[in-house]
Structures are given as C-alpha cells and as structure tokens.
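The primary structure of each chain is shown beneath.
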Amino acid sequence: MSTFGIVTSYTPSLQTVAHDIAYALRAKGYTATTFDRQVPPHEAKNLFKIGIVFIPFDPLYSLAWFLLQRDYNKVGIPSVTYVTVEGLPKKHLVRKWVKRDCTFIACSNFVKDMLSKIDVDVINIIPHGVNIDKVNQVKNNALAKKEEIKQMLGVKVLFGTVASNHPRKNLASLAQAIKIATQELNDVGFYIVTTPNGRSHFIGAKNTYVSTDFGKMLRAQILTIIGSFDFYIHPSYCEGFGLPVLEAHAFGVPCILPRYAPLTEHAHPEANFWVPIKRWGYENLGDGILYLCHYYTPEEMASKIKEAYDVYTSNPDKYRQLSITVEEHAKKFHVVETYSKFLEEV
C-alpha cells in the first residue's frame, strides 16, 4: 500500500479537512500522515510516496504551496493540490507555471467555476466530507451541552454559529439580526464562537453568549458545540464550501443560511431556512482574491430566525422531520466515501 502525505497550513479549518482526508485513506487500508507545514521535496521523499497539498487558491498566500506540489512531482512523488476559494483569484498574480505545472482538484463546482474564469484547469471536484464517526462519538456530549447552554441563557430554543471575524464571515449582520429577533422573542438564545475581536459585534445583544475560543478548541469540542444547537446559523457572505453546514446536518441540526453557491450545492435544499440574496458583487478586501459576496439584509435573517423558532415551538413533528432529513442527507458526504475519491486521482 502507498503512503500518503497530506500537507497543509496550521490553520484549524485546513487541519480539519487534512485530518479527515487522512482518516478516510487509513479506513481504506493506506498509510496517511498529515503535516501542518511545508515539507521540502527532499524531506518528503523519505516520508511519503503520494502527496496531497490542501490550500486556498489565494495567489498572495499560496504560491509556495503550489510550488511544493510541482516539485513533489519533479522528484517522483505523484501529487495534486486540493483547493478552495471564496471568489475570483486575482488573475495578474497567478504565475504561468502554476497553470502549466500544477494539478488542481476543487472542493465545489463553485470553486471550479471561479478557477475556470482565470484559465486554471481543474481535473475533478471532490466535495468536503463530514466525519460521521466523530460526530457520533460526541452526540451525547452535545445533548448535555445543549441543556447546559439553555439553562445558562434561560431560553427554550438555541441558535449558534462558529466563525472567525474575517469580514466575509459577516458577523456584523448576524448581530443585527439577533437584536431584531430578540425584540419579539424572549426565550430564544444565541451561542457564538469567534475570535476575541469578534466579540464587539454582539455588545448589547440579548440572550447571547460569545466564546472567544475560536481556533483554540479541540475538534471534538467544536463538534460538541455545533451539535448542541437547535439551529445552526451560517451568516457568511461568501464561501468556497461551508463545511460547518454539513457538520450541523450530521447532528440533525437544520441551518439558517443565505441562498448562494456553493452552499446550495451541499446543504439540503428543502430542510433548511434559506435567506434570500438581494445583490452580489466582487469585493477587494486586500487579499489575493476578489471575494464574491452575496448580500442579504439583517431583517431577512431575523425573519428566518423567527420562522425557525415558530417551527421548533409550535410544530415539533415538523422540526423532528427536518432534523431526520438533514441528518440522512449528511451521510451522503461521509469522509470515507468522499475522500477515497483521491485514490482515483493520484
């Protein structure tokens, strides 16, 4: 059996995917090791036989990672680069050798479409998977956490999200939506996991707890929190995939999320609460990407929060069916079946 090296950054979200790819390959009988650093080709030759580099397609940040994949191939390590991107990479920053010498696999149709606009070929689309096994390991802990949070906040229905404070994550609009919704709903609570500088958005928001441990928590802890929500809120203006939505689904947690690709590619089309998009456009936030932002109003988000609240409190049978539906849907993205597709490409 071949030995795989999954090479990515130390960023928690990238590490999650890298570890799940390794988990899937091991389940298929292969040896797989993850690396949270750039492994030079001369060192890689002694560590693995096949390489998967996982990195966002941001040409300001990722050229050195693309170079790794190119050079792995040059020293006899068959390799691919698995990429995500939240918009249009700035074409003038993409070197000719990247298009000529690198092999890319996209995590969504959206990512493939964005790369095609700058003439970068993608050989396949492998969506992110959700680790159902790890979800099942913490389900009981998630139920206990749900009761703990509800008692702490004194509420009946719990909404929440896990997100950094990057502008594209749109925590400002979420905070406004919470303030609008809690003007009418007294027994609804919100649990936010973000970075320390994200706390300021939620000053004055009722029934809202903000944890600033984003990026510091173990994977099991993050999954436990996601599984504790009655509804997961995904407020982002743009995504390359949006894995927390699938993770919430795996717990039977319906989502409130804006209606745009790639979220529409993998979230259940009918068992969620979709926020309509009012307009979209490319935004330059100083990175190597023109983010394709999809704008909605906080009022529309608040309306979906109230709609979800009404279902949970007034129609428990419907909520139960939504929960069953999204949980079954998530099983289609089990990491073992999803990421084993890499075996066909390298």
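Residues numbered from 1 in each chain as written. Predicted model: local features only at pLDDT ≥ 70, side-chain atom pairs only at ≥ 80, totals over all residues. Heavy atoms only, no water.

**Student:** Sorry if this is basic, but what is going on with the sheet that holds strand β15 (residues 289–295) here?
**Tutor:** Strand pairing within a sheet occurs via backbone hydrogen bonds; the two strands may be parallel or antiparallel. Overall, antiparallel pairing links the 3 strands, which are arranged β5-β15-β14 in an open sheet. Where the open sheet ends on each side, the last strands, each with one partner, are β5 (87–89) and β14 (279–284). Here the strands of the sheet are splayed against their neighbours by 20° on average, with no regard to which way each runs. Relative to β15, β14 runs antiparallel, the two being bridged by 6 bridges. Within β15, the residue paired with Arg-279 across the bridge is Tyr-295. On top of the sheet, helix α5 (residues 109–116) reaches β5, β14 and β15; it is set at about 40° to β5, its chief contact. (Pairing = 2+ DSSP bridges. Helix = DSSP H or I, 4+ residues; strand = E, 2+ residues; numbered from the N terminus. Axes fitted to C-alpha atoms, helices over the stretch in contact; angles between N-to-C directions. Contact = heavy atoms within 4.5 Å.)

**Student:** I would appreciate a short explanation of the packing of aromatic side chains in the present structure.
**Tutor:** The relation between two aromatic rings is expressed through the spacing of the ring centres and the mutual angle of the planes. For the structure shown, the criterion picks out 22 aromatic pairs. Centre to centre, the rings of Phe-54 and Tyr-82 are 5.2 Å apart; their planes meet at 35°, and the pair counts as tilted. In this pair, Phe-54 sits in strand β3 (residues 50–56) while Tyr-82 sits in strand β4 (residues 79–84), placing the two residues 28 residues apart along the sequence. Here the aromatic cluster, defined as three or more aromatic residues joined through ring pairs, consists of Phe-159, Phe-190, Phe-231, Phe-273, Tyr-312 and Tyr-319. The ring of Trp-97 carries the charged tip of Arg-70 above its face, separated from the ring centre by 5.0 Å. The ring of Tyr-295 has Arg-279 lying over it, and the distance from NZ or CZ to the ring centre is 4.2 Å. (Phe/Tyr/Trp six-rings, centres within 6.5 Å; stacked < 30°, edge-to-face > 60°. Lys NZ or Arg CZ within 6 Å of the ring centre and 35° of its normal.)

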